[in-house]
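What the coordinates show
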Amino acid sequence: MTFDKGYVIDNENQRVECLIKNKDWLNNPEKFSYKYPTSVEKKEATVENIKEFGVYNFSKYLRYTVEVDTSTKDLDDMSYEKAPLFETRTVLLKVLVSGKATLLLYRNKGRIRYYLSKDGSQPKPLIYKTYKTSPKRYSWNNSFRQQLFAELTCDNITYKDFEKIGYEERELINIFLKYNECQQAEVENFHAKAKSQRNILDLNIRVGVNNSNITVTRPGLSIFQPGATVPFGSNLSFRGGLELEFYLPYNRNMWAILLEGSNYNYQVVISEPRTSGTNPALTSSSIEINVIAISLGLRSYFPLNPQNKLFANFSFAYNSISNSTAIIGTERFDLIRAGDLSAGVGYKFRNRFMVECRYTLGKPYTYRNDPGIETEFSNIALIAGFTIY
């Protein structure tokens, strides 16, 4: 995580310019680290000793003691009470829109609660709750719509603007922006500021080399002794593909969902395979696998500085196989599908160039004409990548 320019205001209303460890928090923070621009010593701020803090052009948090609805959306634990279950807490509320009407957010353990403040007043919770009406039926308390109508009416805003508004960040931000514009009030959209600094998507070209190893086992096959195996050994092959990284909207692009398409092949011919028994008919064997792999995964980054970072990822691949066969002695078997699990570690340089070492393990292949055959597969790949978008 990087330290970004920001400020803190303590309980004595002293404002201090500093560098804040900006984690782009998913949940509202209870504490955070900061340091002075001329010092390497880190300090810790908590909700008890900080009234306000902000990261310039990114985020702002204000401390308030507010009512927090602790109701659950879990159907098993949901109550029959329409009214919210309030609990008084002192928290740092995240400012989404600041103006004559300010929209604030509190998120904790999956609970999302929005607050409204007019002209700097004490924030009021916008009430929205799901509750049971019978053991298998539920309804919604949408009182926040009436609250918004009472507080945000203006010349260009009518009741129709609130009738179907959802308890969702985008819709609430839009109505607050519309109200502040109608009031000709100075407004800051912190949600838009943060979004403009987040990377949403990367498209990476990736090429590399695979070192694959395959062993085929078919107990009871006519040309085998029971338990016979054919170790085809290792094979070097080229791989290439494209990878999409979809960054999650928090933690400063530290997490990304991966979608990768790649292709590779494995081709080996052996003239004297080893088996657990003896069979003179087994004089040669070959295997050829041509794969187009579609993988879905998750990547975590570990920044070294703003330009360079380490990463680790895990993925599952579904492999589409074509023109792939195993010939063992005089028998031919067609491969029809595959899937495998992979884990990799790597380094990204200047946010554009990357290198990764990836290990894949599994029993991914099945055979059209004999599903009893077992294939053990492992692969180590060295992959280089370049971000083009």
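As the structure is a computational prediction, the values presented were derived from the model and not from experiment.

Overview of the environment of Y167
Among the structural elements, Y167 can be located in the loop between helix 2 (160-163) and helix 3 (169-182). Y167 sits in the buried class, given a relative accessible area of 14%. Apart from residues lying up to four places away in sequence, Y167 is in contact with I112, R113, Y114, L126, Y128, F144 and L172. Side-chain polar atoms of Y167 contact the backbone nitrogen of Y114, separated by 2.9 Å. In this structure the side chain of Y167 is engaged in a polar contact, spanning 2.9 Å, whose partner is the backbone oxygen of L126.

Overview of the pattern of salt bridges
Going through the model one piece at a time under the given rule, you end up with 19 salt bridges. For the salt bridge of R89 with E87, the shortest nitrogen-to-oxygen distance reads 2.7 Å. For R89, a relative accessible area of 22% translates into the label partly exposed. A salt bridge links E356 to R358; the shortest N-O distance between them is 2.9 Å. Accessibility classification places E356 together with R358 in one group, the buried group. Salt bridges linked by common partners bring D202, R206, R239, E243, E245, E260, R299, K348, E356 and R358 together as one network.

Describing the pairing of strand 6 (residues 59-69)
Most of strand 6 sits inside the fold, with eight of its eleven residues counted as buried. As paired elements, strand 5 (residues 50-55) and strand 6 share four bridges and run antiparallel to each other. What sits directly across from V55, in strand 6, is S59. Across nine bridges, strand 6 lies against strand 7 (residues 86-98) in antiparallel orientation. Its bridge partner lying in strand 7, R63 is registered against L92.

Concerning helix 1 (residues 143-152)
The complete set of buried residues in helix 1 reads F144, L148 and L152. Burial along helix 1 is one-sided: seen end-on, the buried residues are contained in an arc of 40 degrees. The secondary structure elements touched by the buried residues of helix 1 are strand 8 (101-108), strand 9 (111-118), helix 2 and helix 3.

Observations regarding the state of the cysteines
For the structure on display, the rule yields one disulfide. The partner cysteine of C154 in its disulfide is C182, sulfur to sulfur 1.8 Å. Judged by the torsion about the S-S bond (-80 degrees), the C154/C182 disulfide is left-handed. Taken as a pair, C154 in the loop between helix 1 and helix 2 and C182 in helix 3 lie far apart in primary sequence, 28 residues in all. By relative accessible area, which is 22% here, C182 ends up partly exposed.

What to know about the nonpolar core
One finds L103, Y114, L126, L148, L152 and F176 to be the most contacted residues of the largest nonpolar core, which totals 21 residues. Within the residue set of this core, elements represented by two or more residues are strand 7, strand 8, strand 9, helix 1 and helix 3. Looking at which element gives the most residues to this core, the answer is helix 3, with five residues. Excluding residues that lie within four positions of it along the chain, L103 makes contacts with K94, V95, L96, V97, Y114, Y115, L126, L172, I173 and F176. Ranked by size, the runner-up nonpolar core spans 19 residues in total, among them I214, I287, A326 and F333.

Digging into the environment of S98
Along the polypeptide, S98 turns up in strand 7. Setting aside residues up to four positions removed in sequence, S98 forms contacts with E186, V187, E188 and F190.

Considerations on the packing of aromatic side chains
Per the stated rule, a full pass over the model turns up 18 aromatic pairs. Between Y128 and F144 the ring centres are 6.0 Å apart and the planes differ by 80 degrees, which places this aromatic pair in the edge-to-face class. In this pair, Y128 is assigned in the loop between strand 10 (124-125) and strand 11 (129-134) and F144 in helix 1, connecting sequence segments 16 residues apart. You can call Y128 partly exposed: its relative accessible area is 25%. Site record: aromatic cluster; members linked through ring pairs are W25, F32, Y34, Y36, F53 and Y61. The residue whose ring lies beneath K35 is F3, and the NZ or CZ to ring-centre distance is 4.5 Å. The positively charged end of R299 is found above the aromatic ring belonging to F311, 4.5 Å away from the centroid.

About the thresholds
- Residues numbered from 1 in each chain as written.
- Predicted model: local features only at pLDDT ≥ 70, side-chain atom pairs only at ≥ 80, totals over all residues.
- Heavy atoms only, no water.
- Helix = DSSP H or I, 4+ residues; strand = E, 2+ residues; numbered from the N terminus.
- Buried < 20%, exposed > 50% of the residue type's maximum accessible area, 1.4 Å probe, protein only.
- Contact = heavy atoms within 4.5 Å.
- Polar contact = N/O pair within 3.5 Å; in protein donor to acceptor, adjacent residues only side chain to side chain.
- Salt bridge = Lys/Arg side-chain N within 4 Å of Asp/Glu carboxyl O.
- Pairing = 2+ DSSP bridges.
- Arc of directions from axis to C-beta.
- Disulfide = S-S within 2.5 Å.
- Core = buried A, V, L, I, M, F, W, Y, C linked by side-chain atoms within 4.5 Å.
- Phe/Tyr/Trp six-rings, centres within 6.5 Å; stacked < 30°, edge-to-face > 60°.
- Lys NZ or Arg CZ within 6 Å of the ring centre and 35° of its normal.

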